[in-house]
Protein chains: 2
Amino acid sequence: MSLIIGIDPGSRKTGFGIISQVGSRQEYVTSGVIRLESFPTFPERLDNLYTCLMEVIGQWSPQEAAIEQVFMGRSASSALKLGQARGVAMLAATQSKLPVSEYAARKIKQAVVGKGGADKVQVQHMVQFLLKLPGLPQEDAADALAVALCHANTQAGLIRVAGSRHSRRGRWLE
Amino acid sequence: MSLIIGIDPGSRKTGFGIISQVGSRQEYVTSGVIRLESFPTFPERLDNLYTCLMEVIGQWSPQEAAIEQVFMGRSASSALKLGQARGVAMLAATQSKLPVSEYAARKIKQAVVGKGGADKVQVQHMVQFLLKLPGLPQEDAADALAVALCHANTQAGLIRVAGSRHSRRGRWLE
């Protein structure tokens, strides 16, 4: 079993979600939203974001991290703010010795909903369905769980491909 | 005496410079450039940037940090990259319990060169002159020393203003 943390960084709210992966099966572990609006300065926001993410990682000990690649259609000003939060989120993973994988938004939606152009509500519903959650997850937590699911599927796909390759070479990996 | 660290963050190269401040006098302590181009992935770059800055802060124990506010005329893509490095640089300061002050580029140039529209070479020469350096500092290190000098001047100005106010109220602070 391996644990994957997905992170959806933002300068006001950062979502996180941890899932477990056993073979090709994924299960919900935990998720949440780190709210940063109440801190008056940006350095304080980043400091609290880092501290909270380090606490989550320390508590659950995931082995891998996944994060969304950012859509570049924003203004330079909002890209800078988002970049600051995203840098700190990636740092929390790397300082915890987790490999970080990045996935484009379209790929995440494709993996979770089945179409790259899905909207946020569709992502929330599919995350709820796939992880058998009792209610609709909060939007940022759903995005974080979605990137974790995308990573799990990608990894499972790689294992399957590797397995089939090996089986063609004599099934010595079984 | 207090030590101030100035940081000029970038996703390829980050400059840092530490100066000491005694009264209104500033002296050079150290400076350098953290080069990140050789790390193939962005998470690795950020991880090394953070580790290096934490080493510098741990070695010299500055009490305050200063960083340039970023010019927003860039593309969203480069703003995002710069934001990631900037977020990590600010985090190294806040995690070390240093207050972080931000200064606009024009204000830094005004403080160091005397005119807000000064170019990089003028900043390098004035930093060399003001800190009595034996040679021209590297460009990113010069920018970092310039923001530290700007912070020192601003703080010295505040102290002078506070002192004169107190003196009007009875000189009890002398």
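Attention here is on the structure that accompanies the text. (Residues numbered from 1 in each chain as written. Chains lettered and ligands numbered in written order. Predicted model: local features only at pLDDT ≥ 70, side-chain atom pairs only at ≥ 80, totals over all residues. Heavy atoms only, no water.)

1. Thoughts on the environment of Pro-62 of chain A
Residues and elements named next belong to chain A. Rules: We count a stretch as a helix when DSSP gives it H or I for four or more residues in a row; a strand needs E for two or more, and each element gets its number in order from the N terminus. Burial status follows relative accessibility: with a 1.4 Å probe on protein chains alone, a residue under 20% of its type maximum counts as buried, one over 50% as exposed, and anything between as partly exposed. Should any heavy atoms of two residues lie within 4.5 Å, those residues are considered in contact.
Within the secondary structure layout, Pro-62 lies in the loop between helix H1 (42-60) and strand E4 (64-68). On the accessibility criterion, Pro-62 (4% relative accessible area) is buried. With 36 residues separating them along the chain, Pro-62 and Leu-98 place their C-alpha atoms 7.7 Å apart. Leaving out residues up to four positions away in the same chain, Pro-62 has contacts with Leu-3, Ile-4, Ile-5, Ile-57 and Leu-98.

2. A closer look at the interface of chain B and chain A
Note on interface size: it is often stated as the accessible area lost on association of the parts. Cut-off, in case you're wondering: Salt bridges are counted wherever a side-chain nitrogen of Lys or Arg sits within 4 Å of a carboxyl oxygen of Asp or Glu. Throughout this description, a polar contact denotes any pair of N or O atoms lying within 3.5 Å of each other; where both atoms belong to protein, one of them has to be capable of donating a hydrogen while the other can accept it, and for residues adjacent in sequence the pair is counted only when both atoms sit in side chains. All amino acids are sorted into three groups, where Ala, Val, Leu, Ile, Met, Phe, Trp, Tyr, Cys and Pro are nonpolar, Asp, Glu, Lys and Arg are charged, and the leftover types, Gly among them, are polar.
Facing the 25 residues of chain B at the interface are 25 residues of chain A. Linking chain B with chain A are zero salt bridges, by the criterion used here. Scanning the region where chain B abuts chain A turns up 10 residue pairs in polar contact (both at pLDDT 80 or more). Ranked by the residues each element gives to the side of chain B that touches chain A, the list is headed by helix H2 (residues 76-95) of chain B, at 14 residues. Its residues placed into classes, the side of chain B that touches chain A shows 13 nonpolar, eight polar and four charged.

3. Some points on helix H4 (residues 120-130) of chain B
Spacing of three or four residues puts side chains on the same side of an α-helix, whose turn is 3.6 residues. Residues and elements named next belong to chain B. We count it as follows: Think of the arc as the fan of directions from the helix axis to the C-beta atoms.
Taken as a whole, H4 has its buried residues at Val-123, Gln-124, Val-127 and Gln-128. Along the axis of H4, the buried residues cluster in a sector spanning 135°; they form a single face. Between the side-chain oxygen of the N-cap and the backbone nitrogen of Val-121 there are 3.2 Å, and the N-cap of H4 in question is Asp-119. At the exit of H4 stands Lys-132, carrying a positive phi of roughly 55°.

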